[in-house]
There are 4 protein chains.
Amino acid sequence: MATPGPEQINHAMAGFDALYGLELLDISDTDVYAQVTVRDQVKQPMGLVHGGVYASMAESMASLATAVAVHAQAETAMGLSNSTSFLRPITRGVVHAHATRIHRGRTTWVWDVRFSDDEDRTCAVTRMTIAVRPLPAPQKPPSAR
Amino acid sequence: MATPGPEQINHAMAGFDALYGLELLDISDTDVYAQVTVRDQVKQPMGLVHGGVYASMAESMASLATAVAVHAQAETAMGLSNSTSFLRPITRGVVHAHATRIHRGRTTWVWDVRFSDDEDRTCAVTRMTIAVRPLPAPQKPPSAR
Amino acid sequence: MATPGPEQINHAMAGFDALYGLELLDISDTDVYAQVTVRDQVKQPMGLVHGGVYASMAESMASLATAVAVHAQAETAMGLSNSTSFLRPITRGVVHAHATRIHRGRTTWVWDVRFSDDEDRTCAVTRMTIAVRPLPAPQKPPSAR
Amino acid sequence: MATPGPEQINHAMAGFDALYGLELLDISDTDVYAQVTVRDQVKQPMGLVHGGVYASMAESMASLATAVAVHAQAETAMGLSNSTSFLRPITRGVVHAHATRIHRGRTTWVWDVRFSDDEDRTCAVTRMTIAVRPLPAPQKPPSAR
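None of the values given here were measured: they were computed from a predicted structure. (Residues numbered from 1 in each chain as written. Chains lettered and ligands numbered in written order. Predicted model: local features only at pLDDT ≥ 70, side-chain atom pairs only at ≥ 80, totals over all residues.)

Attention now goes to the overall build of chain A. Regarding its fold elements, chain A presents three helices and six strands. Reading the helices (α) and strands (β) of chain A from amino to carboxyl end gives α-α-β-β-α-β-β-β-β. Each of the 145 residues in chain A was classed as buried or not, and the buried ones make up 48%. When contacts within chain A are restricted to residue pairs at least 6 apart in sequence, long-range pairs at least 24 apart make up 58% of them. (Helix = DSSP H or I, 4+ residues; strand = E, 2+ residues; numbered from the N terminus. Buried ≥ 20, exposed ≤ 12 C-beta atoms within 10 Å, placed from the backbone. Contact = placed C-beta atoms within 7 Å.)

Laid out in structure tokens, this is it:
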């Protein structure tokens, strides 16, 4: 089975990621590129992109790339911690994000995510720690017992 | 002018907070209570509440309470860093959040936020650092120049 | 075998903890109390207690308490992340520290540490995540092979 | 007055930095290189370099470089938060550290520090936020009033 690419993942985007408008541009086990178009629905009351949007993008990018990479070895990925620093507000245009893997351990992966505005200024940074754990054994349906 | 209460703030809720469904229950300059009802729109692909939802709630609760408190002294509040640890997934019911101020400095306030599920188990924790800065001087309209 | 108490641990204190002067006062699997007496050797150039001292105390307190607790089940403990916020400088007296466990998971424990001065003002806070892993299998001595 | 270089700063190294053995190799307002030679005095009980040593190095490197840079404009620098992730233990040789400034704001600077072992493997990373504040006005001696 081929590893899903960004088009397939975007096509299947649902839940919270679809709600705030995550768009994946490129995904591998070392780098992820994604973006969110700024609109009122992603802003806080003063008209800036809400801090939670950066944290959400980082969470999804790092979790997804790790999950795709470890799936072949019957493992799953789950956010352990998300630490975001806000450096400069974004008020319009596009929130650009680039996640880089900085550690691939047996039980944790660590990613750095850089967020930039349309002038390529660094606006926020996130450090994401992702736990890698064995996939839960599949549950058999009751009739099969 | 009276400090706005949770009803007034909920009534005016807009942008990202309205999108993911933040409901404020109580707000003061030392404690904030809020919640989000779990539904598919706040979940990640495995059916758990998305990590970004916790980060977003913490960001809004701490920023809002600080902003309301410092507004009288002509200052504004803005998230500086948001550090969230994920301890136990929530899949249904309500995400309950309680923010407690642990530091009130001249230029930064620090809040701890605890997230719990309907059984009151701690599911995530956030440490929020909020910058307190002078309000920008009001801009005169062009005709007044 | 009885769990070691603070006197036994202090007596065996070596390495970095001995260098900067960690004194354990009480230790259990949910709470640890410790202190460091302020002296020039723990200060930075401006005469304040060095930020690294708080981080070091938190690291040792959380790691040690977790390690003692999981040793019986043949597991070991190791710091995964240490996030310290500095709220108010300490320049003299004693750095008092109280670590509280806020999560006991299968693979990670999370502790909050509060640092205070002689007037019991909160001066720094640390969130420590400790990884719990199986102990490496004991190595047999060469003669036993 | 010339900006002090690493030799001058090392010569004046005192307090905690001298205690654990910080050696500055190069310092500018965008990059700092430093190291600590591994010895028993910087280890934790299991023989690994103590997590607090990484946090301490990052704290000093970022604070010092920021302080030197803002001194000319009558400002001072002070650690606001230190967030360190531990990726791979170091047990011998030298702890190599490289701090890179990722943000220079009016009131905060943010630095990323990468720690590596003698094989240049990433062993820990720190994100340091440094507050930049006006220098306290010099106090006149009582007789001068």
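There's more to say after this.
With that settled, the discussion passes to helix H3 (residues 51-71) of chain C. In a regular helix each residue adds 1.5 Å, so 21 residues correspond to 30 Å; H3(C) covers 30 Å between its end C-alpha atoms and thus fits that length. Burial within H3(C) is extensive, with 18 of its 21 residues counted as buried. (Expected span 1.5 Å × (residues − 1).)

Of the transformation superimposing chain B on chain D, the axial component is 0.0 Å and the angular component is 180 degrees, with the fit at an RMSD of 0.0 Å. Expressed as an axis order, the relation between the two copies is that of a two-fold axis. With an isologous cut-off of 70% or more, the 100% of interface residues of chain B that recur at the interface of chain D puts this contact in the isologous class. (Least-squares fit on C-alpha atoms with pLDDT ≥ 70 in both.)

One frequent convention defines the size of an interface as the accessible area lost when the parts assemble. Taken together, the contact pairs six residues of chain B with six residues of chain D. Ranked by residues supplied to the side of chain B that touches chain D, first place goes to strand S3 (residues 75-86) of chain B with three residues. By residue class, the composition of the side of chain B that touches chain D is one nonpolar, five polar and no charged. (Nonpolar A, V, L, I, M, F, W, Y, C, P; charged D, E, K, R; others polar.)

Moving on, we come to the relation of the copies chain D and chain C. Laying chain D over chain C is done by rotating through 180 degrees and shifting 0.0 Å along the axis; what remains is an RMSD of 0.0 Å. A shared binding surface is used by both copies, with 100% of the interface residues of chain D retained as interface residues in chain C.

The end-to-end C-alpha distance of helix H3 (residues 51-70) of chain B, which contains 20 residues, comes to 29 Å, matching closely the 28 Å that a straight helix rising 1.5 Å per residue would cover. When you tally the buried positions in H3(B), you get 18 out of 20 residues, the bulk of the element.

Our focus in this paragraph is the nonpolar core. Nonpolar side chains tend to gather and get buried jointly when the protein is soluble and globular. The biggest cluster of nonpolar side chains holds 176 residues, and the ones touching the most others in it are Met61(A), Met61(B), Met61(C) and Met61(D). For Met61(D), the contacting residues outside a window of four places in its chain are Val32(D), Ala34(D), Ala97(D), Ala99(D) and Val113(D). (Core = buried A, V, L, I, M, F, W, Y, C linked by C-beta atoms within 7 Å.)

Here the focus is the interface of chain D and chain C. In this complex, chain D contributes 25 residues to the contact, which on the side of chain C involves 25 residues. For the side of chain D that touches chain C, the elements supplying multiple residues, two or more each, are helix H2 (15-20), helix H3 (51-70) and strand S3 (75-86) of chain D. If you tally residues by element for the side of chain D that touches chain C, the top one is S3(D), at eight residues. Classifying every residue of the side of chain D that touches chain C gives nine nonpolar, 13 polar and three charged.

This brings us to the sheet that holds strand S4 (residues 94-104) of chain C. Read from one edge of the open sheet, twelve strands run S1(C)-S2(C)-S4(C)-S5(C)-S6(C)-S3(C)-S3(D)-S6(D)-S5(D)-S4(D)-S2(D)-S1(D), paired in antiparallel fashion. The open sheet has two edge strands with one neighbour each: strand S1 (23-27) of chain C together with strand S1 (23-27) of chain D. Geometrically, the sheet is characterised by an average inter-axis angle of 20 degrees between neighbouring strands, direction not taken into account. Strand direction decides the pairing type here: S4(C) and strand S5 (residues 108-116) of chain C, joined by eight bridges, are antiparallel. Bridging across to S5(C), Ala99(C) finds its partner in Val113(C). Its contacts with the sheet place H3(C) against S1, strand S2 (31-37), strand S3 (75-86), S4, S5 and strand S6 (122-134) of chain C together with S3 of chain D, and it is angled at close to 150 degrees to S3(C). (Pairing = 2+ DSSP bridges. Axes fitted to C-alpha atoms, helices over the stretch in contact; angles between N-to-C directions.)

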